[in-house]
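Descriptive analysis of the structure
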Amino acid sequence: MGWDVSQGLEGLDHNFATGKVEDLVRWARKSSLMPATFGLACCALEMMGTGGSHYDLARFGMEVFRASPRQADLMIVAGRVSQKMAPVLRQVYDQMMEPKWVISMGVCASTGGMFNNYAIVQGVDQVVPVDVYAPGCPPGPETLIHAINTLHEEILSGELLRRRDETGAGAGMVVDQRDGQSAPVLLSGRS
């Protein structure tokens, strides 16, 4: 146990007894995300596959997708969002407990995809603040898990809450595709 006395308690290797409460809270938030699904199109099938036994989201503490937004703190928007569905999506988001995070899954949720028309919202970030964009059409379970792990890292660092306090918007991070597809050009303008 290396303890640099000149740094006081900051030089001590922390454990559960001497750790900072805020670090413990961030670790608990990261380790117990409760997703509220918002499966709207074909991406929802990949999201359901991610929750199955082959990919096993239970190892990330996320085995139960919540049906009630009041029990959820992560929204996975999977698929295209129509203009009629946008107010419902916002209502579900508003009912979720704080702090809350959003993953936009697929190019249709992220940018409207190939549906460049009046009926489809051209990016779910116009309705809710998005923290992580998972590219693909549809993104496979590997890409969604990569997006979830990226979100975990940002929650643990505390960066997401700092950004949200400063700007009121989500982090807007785009992850790499991990399922062998090539990333669509539609997401190249997002960062």
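Remember, it's a predicted structure, so these values are computed and weren't measured experimentally.

**Examining the overall build of the protein**
Assigned secondary structure in the protein consists of six helices and five strands. Of the regular secondary structure in the protein, the N- to C-terminal order runs α-β-α-β-α-β-α-β-α-α-β. Expressed as a percentage of its 191 residues, the buried residues of the protein come to 44%. Accessible surface computed for the protein: about 10000 Å², of which carbon and sulfur atoms make up 54%.

**Side note on the packing of helix α1 (residues 21-31) against helix α5 (residues 141-157)**
Here α1 crosses α5 at 165 degrees, and the two axes come no closer than 8 Å. Our classification of the angle between α1 and α5 gives roughly antiparallel. The hand of the α1/α5 crossing is right-handed. For the pair α1 and α5, the contacting residues are R26, W27, R29 and K30 in the first and H152, I155, L156 and S157 in the second. For the contact of α1 with α5, the residue count by class is three nonpolar, two polar and three charged.

**Comments concerning the pairing of strand β3 (residues 101-105)**
Consecutive residues of a regular strand have side chains that alternate between opposite faces of the sheet. The element β3 is largely enclosed, with a buried count of five among its five residues. Side chains W101, I103 and M105 of β3 all project onto a buried face; the interleaved residues V102 and S104 project onto the opposite face, where all are buried too. Across five bridges, strand β2 (residues 74-78) lies against β3 in parallel orientation. Residue pairing in the sheet places M75 in a bridge with V102 of β3. The handedness of the β2 to β3 crossover, carried by helix α3 (residues 86-95), is right-handed. Pairing analysis gives three bridges linking β3 to strand β4 (residues 132-134), with the strands arranged parallel. Bridge pairing in β4 places M105 opposite A134.

**Some thoughts on the pairing of strand β1 (residues 35-39)**
One ladder, built from five bridges, connects β1 with β2; its direction is parallel. Across the sheet, residue A36 finds its bridge partner in β2, namely M75.

**Examining the sheet that holds β2**
In space, the five strands of this open sheet follow the order β1-β2-β3-β4-β5, with parallel pairing throughout. At either end of the open sheet lies a strand with only one pairing partner, and these are β1 and β5 (173-174). Two elements, β4 and β5, share two bridges in a ladder whose sense is parallel. Pairing of V132 across the sheet is with M173, part of β5. Here helix α2 (residues 43-50) sits on the sheet in contact with β1, β2 and β3, set at roughly 135 degrees to β2.

**What to know about the pattern of salt bridges**
All chains considered together, the criterion is met by two salt bridges. The closest approach of N and O atoms between D94 and R90, which form a salt bridge, is 3.0 Å. Taken as a pair, D94 and R90 lie in helix α3 at a separation of four residues, close to a single helical turn. For R90, a relative accessible area of 33% gives the class partly exposed.

**As for the packing of aromatic side chains**
Applying the stated criterion to the full structure yields zero aromatic pairs. For K100, the ring lying beneath its charged end belongs to Y93, and the centroid distance is 4.4 Å.

About the thresholds
Residues numbered from 1 in each chain as written. Predicted model: local features only at pLDDT ≥ 70, side-chain atom pairs only at ≥ 80, totals over all residues. Heavy atoms only, no water. Helix = DSSP H or I, 4+ residues; strand = E, 2+ residues; numbered from the N terminus. Buried < 20%, exposed > 50% of the residue type's maximum accessible area, 1.4 Å probe, protein only. Areas by Shrake-Rupley, 256 points an atom, 1.4 Å probe, with all protein chains shown as cover. Axes fitted to C-alpha atoms, helices over the stretch in contact; angles between N-to-C directions. Parallel < 35°, antiparallel > 145°, perpendicular 65-115°, else oblique. Left-handed = near helix turned anticlockwise from the far one by under 90°. Contact = heavy atoms within 4.5 Å. Nonpolar A, V, L, I, M, F, W, Y, C, P; charged D, E, K, R; others polar. Pairing = 2+ DSSP bridges. Right-handed = clockwise from strand over helix to strand, strands pointing away. Salt bridge = Lys/Arg side-chain N within 4 Å of Asp/Glu carboxyl O. Phe/Tyr/Trp six-rings, centres within 6.5 Å; stacked < 30°, edge-to-face > 60°. Lys NZ or Arg CZ within 6 Å of the ring centre and 35° of its normal.

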